[in-house]
Amino acid sequence: MELDILTVKSIIILLVFGISLGIATYSTWAERRLAAYLQDRQGPNRAGPLGLLQPIADAVKLFTKEEFIPASANKWLFIFGPSLAMLTALMSSAVIPFGSTLEIGDKFIPVQGIEVNIGVLYSFGIVSLGVYGIMIGGWASNNKFSLLGAVRAASQNISYELAMGLAIVAVLMMSGSLDLRKIVEDQHGGNWNVFYQPLGFIIFLTCAFAECNRTPFDLPESENELVGGYHTEYSSMKLGLFLFSEYVNMFVASAIVSVLYFGGYNYPGMDLVADHVPHNLATAIGIAVMFAKTFFFIFFFMWIRWTIPRFRYDQLMSLGWKSLIPLAIANIIVTGCVILLFN
Amino acid sequence: MAEKLFYFLTFLALASGLMVVVSRNPVHSVLYLILTFFSLSGHYILLNAQFLAAVNIIVYAGAIMVLFLFVIMFLNMRTHNEPMAPIWAQLAAVVSAGLVLMVLVAATKASSPALEAVADTDSFDSQIGLVQTLGQTLFSQYLIPFELTSILFLVAIVGAVYLGRREPGERNSF
Amino acid sequence: MRLSDRAKDVSDKNMSFAERIYLPAIATGLGVTIKHFFKKKVTIQYPEVQRPVSPNFRGLHVLKRDDEGRERCTACGLCALSCPAEAISMVAEERKKGEEHLYREEKYAAVYEINMLRCIFCGFCEEACPKQAIYLQSDKMAPAFYGREEVIYGKDRLLESKDKTRPTDGPKRRLTATDTYIDPIAVGYNRQLKK
């Protein structure tokens, strides 16, 4: 019986991996189409219907391009950098609860890669490691623009991690647990955290943008100042891994935002649905809801990217340290006071 | 299974720890140090201290070592023109490292009854490393040391801000 | 002077609270971009949809035949002479007995080449031609190419087919170094400049 659970778990983990990769793949297509639509253009629509085969064409192109390693680069670290970026990006999707439980035989199996009671800390830890790929890659290139990009990435990620952590603390105070599943279950129905933590949500989202190195915080790779930043010297699939990990990160960040603030797989009227349909179907609807929310946030990430210009570096730092961190601390204090007053 | 993992992690920790000292390139040293932290976190997980493992990675591997790497990349240290330390400094380093080792061994020896109690599988509380237990202990039994540590941190923060503040007449703004 | 009434005076007054927290401005910006999302796209999907061209558009050249299917060109060289880009060159040959059904005039162009890299599609050749032998088609553009050798269009690609539908299998002979072709500079263009 235990073996069965292991099989189901490994299937779920493989599924989560595959789904995050698939979604990231199609995010590249969606991003280009969306960018085009926001700019009154069509975007890639030639490869397959609606251009849906474009990511495959891109991958083929990247794989067949010349693998170039600069002569003065640190060879092993040069290869290690993009691999690490991809690894950390994929690892954090493991703890996200995508749905409630599936009834298989007489067992209820949660739709989640691994259940740990420190889910938030786990994903936070992995996210904080994400910067290493960029730093190592940027340093190993032995190029001043790459190094500048790497250094920017490092200081930006550390600065925004603080505010992000503080924003999460307020959520943790409300749920009293570090378990992502418990946090989701607390937001049963339409009782989403965003209604109690609007400020925390905005802080978290802003920091998520910065952690994913997305516009308006894409200073590590700002092409017009740093010629591509940390990936200046990269070509072929190593460049592909760097760019692709950004999309995986975006998917994970969107999923975490939905879990922490938008109720994950909860939706108003879910009890009514659960009463009338079989358990597995209700779970499937929940998973669909979760993915709808995630897709909305991926869309939002892209929407912001094609709307807001990049920050200047001092603006980035003063926003992080002088606005977001004090606001997040104030948010914690207010949350604590309210919890004490009402309980 | 757990035993094999323990030996693997111990080997990894020792080997990467050695490489920190041995490798000529400071950036490599830092990366090996990060690997050491990871194997230590693995040990924490083996002890069911998940919180400690995660915090170790977030704080040490995720933040402090990033800053280390940051500084080393900026300093652009070259390995070949690094002068040898004078002989008295080398001696002093050996002596102080030996002293630290002695203190560690002594501390381990002194606390061995407690360690044995932990190692006793019958009375071992599997929940001991979880965040709830840790919080309860910190805020009841060890409240005073905890608060003292907070004050220490506050002092450190004030010191950092003082060091990092702009001098009058200094031009660059950040 | 005001070019549009959208100009704003520069002001250095302090920002209001709403402006300082930046979020309302972001929301406005997002509104602007999402409006464009639903707008009609201006892109023309080229191979499937083509822009209408003017009826007197000057596209790819064609060497015409007359009603009996004979080549009109008499290799007088006026097109080459009038060409400001010096894109046209030709080799003339005398019509032999029995070739009357092929060539209308007593002299014809054995080789006729247009260098499409040089051609500026001005249409002067068309205007200069006394025999109405060369035209710039209004419905066909000079296609793109991958190599320089494809750029020089000979009679095989310029001459109209017998049924006058498409340029086709004319002689594939190319200009060679031994050909005494009509050099526009030697013949007259140079002379004109000297005058």
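Only a predicted model underlies this, so the values are computations on that prediction, with no experimental measurement involved.

1. Considerations on the confidence of the model for chain C
Residue and element names in this part refer to chain C.
- The predicted model of chain C averages 80 in pLDDT, with 84% of residues at 70 or higher.
- Of all helices and strands in chain C, the one with the weakest mean pLDDT is helix α6 (residues 184–194) (49), whereas helix α4 (residues 124–128) scores best (91).
- Under a pLDDT of 50 for its full length, residues 189–195 has, in the predicted model, three contacts with residues more than four places off or in other chains.
- For this predicted complex, the interface score ipTM comes out at 0.78, alongside a pTM of 0.78.

2. A few points about the interface of chain A and chain C
- Facing the 10 residues of chain A at the interface are 11 residues of chain C.
- Tallied by class, residues from the side of chain A that touches chain C come to five nonpolar, three polar and two charged.

3. Some remarks on the interface of chain B and chain A
- At the interface, 20 residues of chain B touch 22 residues of chain A.
- With 15 residues, the single largest contributor to the side of chain B that touches chain A is helix α3 (residues 50–75) of chain B.
- When the residues that make up the side of chain B that touches chain A are grouped by side-chain class, the tally is 17 nonpolar, three polar and no charged.

4. Observations regarding unusual backbone geometry
- Phi at Asn142 of chain A is positive, roughly 60 degrees, even though this residue is not glycine.
- The topology assignment puts Asn142 of chain A in the loop between α4 (119–140) and α5 (144–175).
- Although it is not a glycine, Ala75 of chain C sits at a positive phi angle of roughly 55 degrees.
- Residue placement: Ala75 of chain C occurs in the loop between β1 (61–63) and α3 (78–82).

5. Section: the environment of Cys83 of chain C
- With respect to the helices and strands, the residue Cys83 of chain C is situated in the loop between α3 and β2 (88–94).
- Separated by 36 residues in sequence, Cys83 of chain C and Cys119 of chain C have C-alpha atoms that sit 8.3 Å apart.

6. Remarks on the sheet that holds strand β5 (residues 152–153) of chain C
Residues and elements named next belong to chain C.
- Spatially, three strands are ordered β2-β3-β5 in an open sheet, and the strand pairing comes out antiparallel. One side of each edge strand has no neighbouring strand; the edge strands of this open sheet are β2 and β5.
- Pairing analysis gives seven bridges linking β2 to strand β3 (residues 107–115), with the strands arranged antiparallel. Each bridged residue has a counterpart across the sheet, and for Ala92 the counterpart in β3 is Ala109.

7. Section: the domain arrangement of chain B
All names here are of chain B.
- When cut into domains, chain B gives domain 1 (1–77) and domain 2 (127–163).
- Between the C-alpha centres of domain 1 and domain 2 there is a distance of 23 Å.
- Facing six residues of domain 1, the contacting portion of domain 2 comprises four residues.
- Of the residues contributing to the side of domain 1 that touches domain 2, the split by class is four nonpolar, two polar and no charged.

8. Quick look at the packing of helix α2 (residues 26–46) of chain B against α3 of chain B
Residue and element names in this part refer to chain B.
- The contact between α2 and α3 brings their axes to 9 Å, and the two run at 175 degrees. In terms of orientation, α2 lies roughly antiparallel with respect to α3. Contact residues: Pro26, Val27, Val30, Leu33, Ile34, Phe37, Phe38, Leu40, Ser41, Tyr44 and Ile45 in α2; Gln50, Leu52, Ala53, Asn56, Ile57, Tyr60, Ala61, Met65, Phe68, Leu69, Ile72 and Met73 in α3.

9. Considerations on the arrangement of the chains
- Interchain contacts are distributed over two pairs of chains, and the most extensive set of them lies between chains A and B.
- Between chain B and chain C there is no contact, and the shortest C-alpha to C-alpha separation is 20 Å.

10. Some details on the pairing of β3 of chain C
- Direction of pairing for β3 of chain C relative to β5 of chain C: antiparallel, over a ladder of two bridges. In the strand pairing of β5 of chain C, Ile114 of chain C is matched with Tyr153 of chain C.

Criteria and thresholds
- Residues numbered from 1 in each chain as written.
- Chains lettered and ligands numbered in written order.
- Predicted model: local features only at pLDDT ≥ 70, side-chain atom pairs only at ≥ 80, totals over all residues.
- pLDDT = per-residue confidence, 0-100.
- Helix = DSSP H or I, 4+ residues; strand = E, 2+ residues; numbered from the N terminus.
- Contact = placed C-beta atoms within 7 Å.
- Nonpolar A, V, L, I, M, F, W, Y, C, P; charged D, E, K, R; others polar.
- Pairing = 2+ DSSP bridges.
- Domains from an automatic or database assignment.
- Axes fitted to C-alpha atoms, helices over the stretch in contact; angles between N-to-C directions.
- Parallel < 35°, antiparallel > 145°, perpendicular 65-115°, else oblique.

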